[in-house]
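# Understanding the architecture of this molecule
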Amino acid sequence: MAKVFIYPATSLILSDLVARFGHQPLGSAISIREHIQTPGFDSPPIQMTSEDPQKGLKWAAVEVPSGIRGRMSLYGPLVEEAEAAIIIDEPDLAFGCMGCARTNELLAFMLREKDMPRLELRYPASKEEGVTFVAQIKEFLKNLEVQQ
Amino acid sequence: MKPYVPQYVGTVTKYVFVDSPDTTPQDIATAAYEIAQGVMIKETCFGCQITGSPEDVERIISHLRKLDPYRIYVKDRGFPPGDARRCRADLGGARPGYLGHEYEMGLVRYIAYGLQETDRMTPDELRAAAGQEMPTPDALDIDILESLMREE
Amino acid sequence: MSEQPVRIAQITCGAEYSGIQNEITTAAETVGGKMFYPDVALKDVKRAYKDFGLPVKSPDLKLAIARAQAIVEGRIEADGIFIASCFRCAEAAIVRNELRRYIVENSRIPVVSYSFNERTGSSTLLTRLEALTTIARRRSLMAREVQVGTTMGVDSGSSTTKCIIMQDNEIIGTGWRPTTEVLKSADEVVALALEEAGLKISDIDAIGTTGYGRFLIGKHLNADLVQEELTVNSKGAVYLADAQKGFATVIDIGGMDNKAISVNDGIPGSFTMGGICAGASGRFLEMTAKRLDVDITELGALSMKSEGGEDVPMNSYCIVFGTQSLVNALAAGYKREDVAAAACHSVAQQVYEQQLQEVDIKEPVIMVGGSSLIQGLVRAMGRMLNTEVVVPHHSQYIGATGGALLASGFIDKKKEA
């Protein structure tokens, strides 16, 4: 079982397919859950505090807006943990954790930079493309098993 | 700042979505309740949310998937169900992530078809299907968005 | 608080991930407001994005556009709107600015716009959100255009404390002191104003307080009205400038921060408050006066001896570097009056670049506060905006005047009681 970073990190479709085909999806929910289940200072809604954008300095410089650094503090550790990645280009309408285009650009770049198996594709727009989409992901994940 | 004492530590929460002509969200929730054995189930408009130990949640999800294998989709959630910090009733509006689900739920019929078709394929056929190119998304932004809007 | 909370629509990008969402919520609750997310569906986002025509890439900014549209079109009700995004994000700054403009032009809902970073605390947001709730809650009080009875206004600012006594729509007493101890300074200015008016405190029918020390002196004086300076100053400004009807822009360059307020019929429509560094504040002009060895009250006259000082190299972005520029300019042989004018120009430029972009400049432009007495600053601002800036009489007493004016709304209530 490989740890597969999903991009958009909030994707229901990718999260489902990765888990369905026997691997562990790494996405926003994993980091948010860690925040929600860790005691500390009360900072609703997602228990992020000013400390988090500071932690994000590891991945983005101080002149980068705080929202990007905060998001990178969620994603950075997951990217480091990831053994593979599936990237859907242009997540136009993934909001919240994936709501910032600049963060998304940096995140996609980090995933491409890391030496690990990577599949890049886009959302299907027809049934036929749905077959190609699922087949590519299924095949990619199957090959991960072989590599492991 | 006041201290924060988390609840449900060590649990996982998963969303279960269904988009099927044969299975309703209520069917999913009912089936989950039947084998819950104390695991927290919350019925929602799209299926249910399950909160419990990772093993318990996995046990229930494996069972649910069998009800409609190609049309049930599962995703992790950071918050336990009904958490006031994320609840629409308390925020006045949906959290942003809801709209992302709404977007992807508009596409899952293609995924369902893809799952069904690839399930019947031999390894060679799967490899061949995976080798197909999806057209490059040159004019993706507006054109595809518009066609999706029309379809809706 | 027994009143219904004021519903403030939150249109932000990045607040949760900057770790400041709780600060926003807390600040709103402190002033009797409740933040809420305008509820929109995906189809609304797609439509709004297309309608608005600003091709942004960040999904949360598309969502922001949809939320603003839902309010402007009346599908969602809000008493006030808080638009904010991460400091240093260019994409969000464009959206924030255009949304603010869109809301102001198409609705009567007050809006405040702000850029935050992870250090933004609830105290920073408090005055801004208080102004939003005040406008929503006290529209009838804010509509007052004539002062009645005998009332007093006290403005406890970061640099100076001011007091005004009004009677039958006339100013009859004034008091002005540098702020040292908040209560002591307040007592002094009240005594000065009472003496000038020939009255005793028991003659005063109602009291209004504003400024940084408003809560403390409000309690001390048992004030009827304790209100933030954004709304009080705008009211005072349009009252004294005789511009109570229609649009106006109020600029108040204060000792610690600056306010730019776009006013319509005496009620703020949009406003900003801030100033990245003391270099863009009255404090820098105080430093300049000190370095030039003139009293702050003489700096204006000195600067007017110069043509404008635009050719003097001056960087007032930071008060430290700005002071260094002053020293360098004097050492390089520039005249004192040119350096004084350059300091004024520099402050005006900072305010123009950092704050006036966030409100719509509509004439008349009214400058108020102590710094409006420095003619060189008023001239520089007028040149920057290409307009004749109005400085009303008693402009340094603007908050106190607004306080006295608005406090007269409480006289009837007292009589009824």
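Attention here is on the structure that accompanies the text. As the structure is a prediction and not an experimental result, all values here were calculated from the model.

Definitions and limits used
- Residues numbered from 1 in each chain as written.
- Chains lettered and ligands numbered in written order.
- Predicted model: local features only at pLDDT ≥ 70, side-chain atom pairs only at ≥ 80, totals over all residues.
- Heavy atoms only, no water.
- Helix = DSSP H or I, 4+ residues; strand = E, 2+ residues; numbered from the N terminus.
- Rg over C-alpha atoms; globule rule 2.2 N^0.38 Å.
- Buried < 20%, exposed > 50% of the residue type's maximum accessible area, 1.4 Å probe, protein only.
- Contact = heavy atoms within 4.5 Å.
- Areas by Shrake-Rupley, 256 points an atom, 1.4 Å probe, with all protein chains shown as cover.
- Lys, Arg positive; Asp, Glu negative; His and termini not counted.
- Charge placed at Lys NZ, Arg CZ, Asp CG, Glu CD.
- Salt bridge = Lys/Arg side-chain N within 4 Å of Asp/Glu carboxyl O.
- 1 Å grid on protein atoms, 1.4 Å probe; cavity = no way out; pocket = protein on both sides within 12 Å on 5 of 7 lines; lining within 4 Å.
- Points joined across faces, edges and corners; volume = space filled by probe spheres on them.
- Nonpolar A, V, L, I, M, F, W, Y, C, P; charged D, E, K, R; others polar.
- Core = buried A, V, L, I, M, F, W, Y, C linked by side-chain atoms within 4.5 Å.
- Buried area = accessible area lost by both parts, 1.4 Å probe.
- Polar contact = N/O pair within 3.5 Å; in protein donor to acceptor, adjacent residues only side chain to side chain.
- Pairing = 2+ DSSP bridges.
- Axes fitted to C-alpha atoms, helices over the stretch in contact; angles between N-to-C directions.
- Parallel < 35°, antiparallel > 145°, perpendicular 65-115°, else oblique.

A few words now on the overall build of chain C. For chain C, the count of helices and strands is 16 helices and 13 strands. Compactness check: chain C gives a C-alpha radius of gyration of 22 Å against a globular reference of 22 Å for 417 residues, within 12% of the reference. Each of the three principal axes of chain C carries a C-alpha extent, and together these read 65 × 65 × 35 Å. Looking at chain C as a whole, 62% of its 417 residues qualify as buried. Within chain C, contacts between residues at least 6 apart in sequence are counted, and of these 71% link residues at least 24 apart. Counting every atom, chain C has about 16,100 Å² of accessible surface; 50% of that belongs to carbon and sulfur. Placing the 42 positive and 50 negative side-chain charges of chain C at their respective mean positions leaves the two points 5 Å apart.

This part covers the pattern of salt bridges. Residue and element names in this part refer to chain C. Under the definition given, this model contains 42 salt bridges over all chains. Between Glu73 and Arg47 there is a salt bridge, with its nearest N and O atoms 3.0 Å apart. Taken as a pair, Glu73 in the loop between α3 (59–72) and β3 (80–86) and Arg47 in helix α2 (residues 42–52) lie far apart in primary sequence, 26 residues in all. A relative accessible area of 40% places Glu73 in the partly exposed class. Judged by relative accessible area, Arg47 falls into the partly exposed class, the value being 32%. Between Arg283 and Glu286 there is a salt bridge; the shortest N-O distance is 3.7 Å.

This next bit is on the layout of surface pockets. Gaps left between atoms are located by rolling a probe of water-molecule size over the structure's atoms. Residues and elements named next belong to chain C. For the second largest pocket, the calculated volume is near 690 Å³. Residue lining of the second largest pocket: 32 residues in total, with Ser159, Thr160, Gly369, Gly370 and Ser371 positioned closest to the centre. Secondary-structure elements contributing two or more residues to the lining of the second largest pocket are β6 (160–167), β7 (170–178), α9 (229–240), β10 (247–253), α10 (282–291), α11 (296–304) and α15 (398–407). The dominant element in the lining of the second largest pocket, judged by the number of residues it contributes, is α10, at 3 residues. Residue classes in the lining of the second largest pocket are distributed as 10 nonpolar, 15 polar and 7 charged.

Core analysis: the biggest nonpolar cluster contains 122 residues, and Ile86(A), Phe133(A) and Phe82(C) have the highest contact counts within it. With 9 residues, α3(C) is the largest single contributor of residues to this core. In this view, Phe82(C) contacts Ile8(C), Ala9(C), Gln10(C), Ile11(C), Thr12(C), Ile24(C), Met35(C), Val112(C), Tyr114(C), Leu125(C), Leu129(C) and Leu132(C); residues no more than four positions away in its chain are not counted.

Quick look at the interface of chain B and chain A now. Counting residues at the interface gives 58 residues for chain B, matched by 50 residues for chain A. When chain B packs against chain A, close to 4,800 Å² is buried across both sides, 65% of that on carbon and sulfur atoms. Our count for the chain B to chain A interface comes out at 5 salt bridges. One salt bridge connects Asp16(A) with Arg65(B), and the closest N-O pair in it is separated by 2.9 Å. Remark: the boundary between chain B and chain A carries 23 residue pairs in polar contact (both at pLDDT 80 or more). With 9 residues, helix α5 (residues 108–119) of chain B is the largest single contributor of residues to the side of chain B that touches chain A. Within the side of chain B that touches chain A, the residues separate by chemical class into 36 nonpolar, 10 polar and 12 charged. As paired strands, strand β3 (residues 40–41) of chain A and strand β1 (residues 3–4) of chain B are joined by 2 bridges and run antiparallel to one another. Bridge assignment links Gly40(A) to a residue of β1(B), and that residue is Tyr4(B).

Residue and element names in this part refer to chain C. In the contact formed by α10 and helix α13 (residues 336–354), the axes pass within 10 Å of each other and the chain directions differ by 170°. Put simply, α10 runs roughly antiparallel to α13. Across the interface between the two elements, Phe284, Leu285 and Thr288 of α10 pack against Ala343, Cys344 and Val347 of α13. Here the contact of α10 with α13 is composed, by residue class, of 5 nonpolar, 1 polar and no charged.

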